[in-house]
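These are the residues of each chain, in order.
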Amino acid sequence: MNRSYIGFLFLSVMCSYLYIGTVLVNLSTNVLGALVVGLTYITALLAIISELRHIDQPSAALFTSSNLNLLLSVILGALVTYLLNAYAKLGPVVASGLVTLLSGIFLPALGPAITCGSFVGMTSANLLGLSGIFAASFIAGLVFLLASEVFNGFGGKLGTMAATGTALAAFFTGKPFLHVNPIEPSLMIFIVLTGAISSALSFFINNRLKKGGVIASGLVALVGGIFLPLMFPQAGGILTPVCACGSYVGMSSISRLPDELFATIAGVLSGFAYYWGILLLGGAGGRLGTTAFGSVLAVSFIASKMKLSGRRR
């Protein structure tokens with residue numbers, strides 16, 4: 001069997017779990033939230049179906065020395081980020097942003113793998129301990145290898161891999177996701193704006209300045225993680241992860257999101273999905289990336305149809 005289908009399935013299920021779960025959580029209490037996230041997911045699902053038609057046979061064997069280095073890089077990125085997050089008290093966004101940025105600068109070939117691991121390392125210590133993080137990163141590393149040739153160019157892909165590892169590790173160890181309180185409605189506009197701005201900025205650094213998605217995301221998340229709590233003492237704790245989520249949207253290639261406008265739209269949708277989906281996957285690393293992934297899938301599908309329609313004219 002083509003192993004890429006397995007990786008494809010993992011990412012599709014993880015994204016579907018978060019978005020369908022968000023719809024169900026809001027269905028009885030917030031029809032607008034369920035509608036917006038539901039339409040986003042339906043469009044994302046169309047993108048998933050479209051991508052399914054283009055899965056090729058992997059070009060290399062799964063277990064090679066190169067892939068072993070990638071697997072170890074995922075694990076290393078997770079452990080270092082977790083230590084910075086939980087023990088050095090940098091917090092998940094700053095810890096991941098720092099590890100991501102440094103990997104992009106000094107280890108560009110391993111940057112995506114280390115970044116994927118750093119998203120695992122964003123997991124709360126109340127959900128998984130160090131051994132749990134090791135297990136989660138190992139699973140995420142396997143998914144990284146299995147899905148290496150699918151969904152390329154979609155921002156949030158690495159985070160969805162991380163969320164798969166974290167969720168499965170939590171499941172196998174019997175750890176329930178953490179309880180998270182709903183976000184104050186007054187913060188919704190700030191969340192959406194933060195998602196939009198960080199997405200466009202990360203996309204610009206990635207595609208216009210040609211710095212790549214790893215450096216772009218790491219820089220935007222790190223700067224946001226440091227300065228947003230200083231600028232907005234009361235709301236910074238909420239806006240910081242939203243900024244990180246937007247930075248993952250901006251990791252998309254220009255072949256998926258044609259320009260900053262589409263990146264901004266995806267950032268807006270990710271902001272809504274974050275706001276209404278806050279109750280799901282509490283404490284799990286990779287949740288922000290999965291949120292970004294679904295929004296990018298949806299907007300990318302719309303962009304591709306607009307491009308196709310323009311060609312026909």
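The following refers to the structure shown. Just so we're clear, the structure is a prediction, and the values are computed from it rather than from any experiment.

Secondary structure assignment for the protein chain yields 12 helices and zero strands. Along the chain direction, N to C, the helices and strands of the protein chain fall in the order α-α-α-α-α-α-α-α-α-α-α-α. In terms of overall dimensions, the protein chain is globule-like: its C-alpha atoms have a radius of gyration of 18 Å, near the 20 Å expected for 313 residues. Counting across all 313 residues of the protein chain, residues that qualify as buried make up 57%. Of the contacts made within the protein chain by residues no fewer than 6 positions apart, 80% connect residues no fewer than 24 positions apart. Of the side chains in the protein chain, 15 bear a positive and 6 a negative charge, and the two mean positions are spaced by 2 Å.

Turning our attention to the side chain of serine 12. With respect to the element layout, serine 12 can be found in helix H1 (residues 3-26). Polar side-chain contacts of serine 12 include one of 2.8 Å to the backbone oxygen of phenylalanine 8. Every residue in contact with serine 12, bar those within four places of it in the chain, is listed here: Ile48 and Phe151.

We now examine the pattern of salt bridges. Tallying each qualifying case throughout the model produces two salt bridges. We note a salt bridge from arginine 256 to glutamate 51, for which the minimum N-O separation is 2.9 Å. Of this pair, arginine 256 sits in the loop between helix H10 (236-249) and helix H11 (260-276) while glutamate 51 sits in helix H2 (residues 31-52), placing them 205 residues apart in sequence. Glutamate 51 carries the same exposure label as arginine 256, and that label is buried. Arginine 208 is the salt-bridge partner of glutamate 260, the closest N and O atoms lying 2.8 Å from each other. Of the two residues, glutamate 260 is situated in helix H11 and arginine 208 in helix H8 (residues 188-208); the sequence distance between them amounts to 52 residues. Look at glutamate 260 and you get partly exposed, because its relative accessible area is 21%.

What follows deals with the state of the cysteines. For the structure shown, the criterion picks out zero disulfides. Just so you know, cysteine 15 is unpaired, no disulfide at all, and the nearest cysteine sulfur is the one on cysteine 245, 11 Å from it. Lacking any disulfide linkage, cysteine 243 is separated from the closest cysteine sulfur, that of cysteine 245, by 9.9 Å. The class of cysteine 243 is buried, set by a relative accessible area of 7%.

Another point: a nonpolar patch on the surface. On the surface, Leu219, Val223, Ile226, Phe227, Leu230, Met231 and Phe232 cluster together into a nonpolar patch covering about 650 Å² of accessible area. Phenylalanine 227 gets classed as partly exposed once you look at its relative accessible area, which sits at 44%.

On to the packing of aromatic side chains. A complete count under the given rule lists nine aromatic pairs for this structure. Taking the centre distance of 5.2 Å and the plane angle of 90 degrees together, the rings of phenylalanine 151 and phenylalanine 293 count as edge-to-face. Pair noted here: phenylalanine 151 is in the loop between helix H6 (130-146) and helix H7 (157-172) and phenylalanine 293 is in helix H12 (residues 287-312), with a separation of 142 residues, a long-range link. In terms of burial, phenylalanine 151 and phenylalanine 293 fall into one category: buried. Between the aromatic rings of phenylalanine 272 and tryptophan 276, the centroid separation amounts to 5.3 Å while the plane-to-plane angle is 15 degrees, which identifies the pairing as stacked. Placement of the pair is phenylalanine 272 and tryptophan 276 together in helix H11, with a separation of four residues, close to one helical turn. A relative accessible area of 5% means that tryptophan 276 is categorised as buried. Cluster of aromatic residues (ring-pair linked, three or more members): Phe8, Phe151, Phe154 and Phe293.

Okay, the nonpolar core next. Phe144, Phe151, Met161, Ile191, Tyr248, Leu257 and Leu297 are the most contacted members of the largest nonpolar core, which totals 90 residues. Counting residues per element, this core draws most heavily on H12, which supplies nine residues. Ignoring anything within four residues of it in the chain, the contact list for isoleucine 191 reads Ile183, Ile238, Leu239, Val242, Gly271, Tyr274 and Tyr275.

On to the packing of H8 against helix H9 (residues 212-231). In the contact formed by H8 and H9, the axes pass within 8 Å of each other and the chain directions differ by 140 degrees. By the angle between their directions, the pair H8 and H9 is classed as oblique. The interaxial crossing formed by H8 with H9 has right-handed handedness. Contact residues: Thr194, Ser198, Leu201, Ser202, Ile205 and Asn206 in H8; Gly212, Gly213, Ala216, Ser217, Leu219, Val220 and Leu228 in H9.

On to the environment of tyrosine 274, then. Its place among the elements puts tyrosine 274 in helix H11. With a relative accessible area of 4%, tyrosine 274 lands in the buried category. In sequence terms tyrosine 274 and valine 37 are 237 residues apart; their C-alpha atoms lie 9.7 Å from each other. Residue contacts for tyrosine 274: discarding those within four places in its chain leaves Ile183, Ile191, Ile238, Pro241, Val242, Arg287, Leu288 and Thr291.

What counts and what doesn't
- Residues take numbers from 1 onward in each chain, read along the sequence in its written order.
- Totals for whole chains, interfaces and linings use every residue, but because this is a predicted model, local features are given only for residues with pLDDT of at least 70 and side-chain atom pairs only at 80 or more, for both listing and counting.
- No hydrogens and no water enter the side-chain calculation; it runs on all heavy atoms of the structure.
- Starting at the N terminus, helices and strands are each numbered in turn, a helix being any DSSP run of H or I of at least four residues and a strand any DSSP run of E of at least two.
- All radius of gyration figures rest on C-alpha atoms, and the globule criterion is 2.2 Å times the number of residues raised to 0.38.
- Relative accessible area decides the class of each residue, using a 1.4 Å probe on protein chains only: under 20% of the type maximum gives buried, over 50% gives exposed, and in between gives partly exposed.
- Residues are treated as being in contact if the distance between any of their heavy atoms lies within 4.5 Å.
- For the purpose of charge, His is not counted, nor are the chain termini; Lys and Arg are scored as positive and Asp and Glu as negative.
- One atom stands in for each charge, and that atom is NZ of Lys, CZ of Arg, CG of Asp or CD of Glu.
- Nitrogen and oxygen atoms within 3.5 Å of one another constitute a polar contact, given that in protein one can donate a hydrogen and the other can accept it, and given that sequence-neighbouring residues count only through two side-chain atoms.
- Salt bridge, as used here: a side-chain nitrogen of Lys or Arg that lies within 4 Å of a carboxyl oxygen of Asp or Glu.
- Sulfur atoms of two cysteines make up a disulfide when they are within 2.5 Å.
- Each patch is built from residues lacking any salt bridge and having more than 30% relative accessible area; the joining distance is 9 Å for like charges and 5 Å for nonpolar side chains (Val, Leu, Ile, Met, Phe, Trp, Tyr).
- Computed by Shrake-Rupley with a 1.4 Å probe, the accessible areas treat only the displayed protein chains as cover when residues are assessed.
- Centre distance within 6.5 Å is the pairing criterion for rings of Phe, Tyr and Trp, where only the six-membered ring of Trp is used; planes under 30 degrees apart are then read as stacked, over 60 as edge-to-face, and the remainder as tilted.
- Residue types Ala, Val, Leu, Ile, Met, Phe, Trp, Tyr and Cys, when buried and joined through side-chain atoms within 4.5 Å, form a set referred to as a nonpolar core.
- To get an axis, fit a line to the C-alpha atoms, keeping to the stretch in contact for a helix; angles then go from 0 to 180 degrees between the N-to-C directions.
- For classification purposes, angles smaller than 35 degrees are called roughly parallel, those larger than 145 roughly antiparallel, those between 65 and 115 roughly perpendicular, and all remaining angles oblique.
- Crossings are classed by handedness, with left-handed meaning an anticlockwise turn of the near helix from the far one by less than a right angle and right-handed meaning a clockwise turn.

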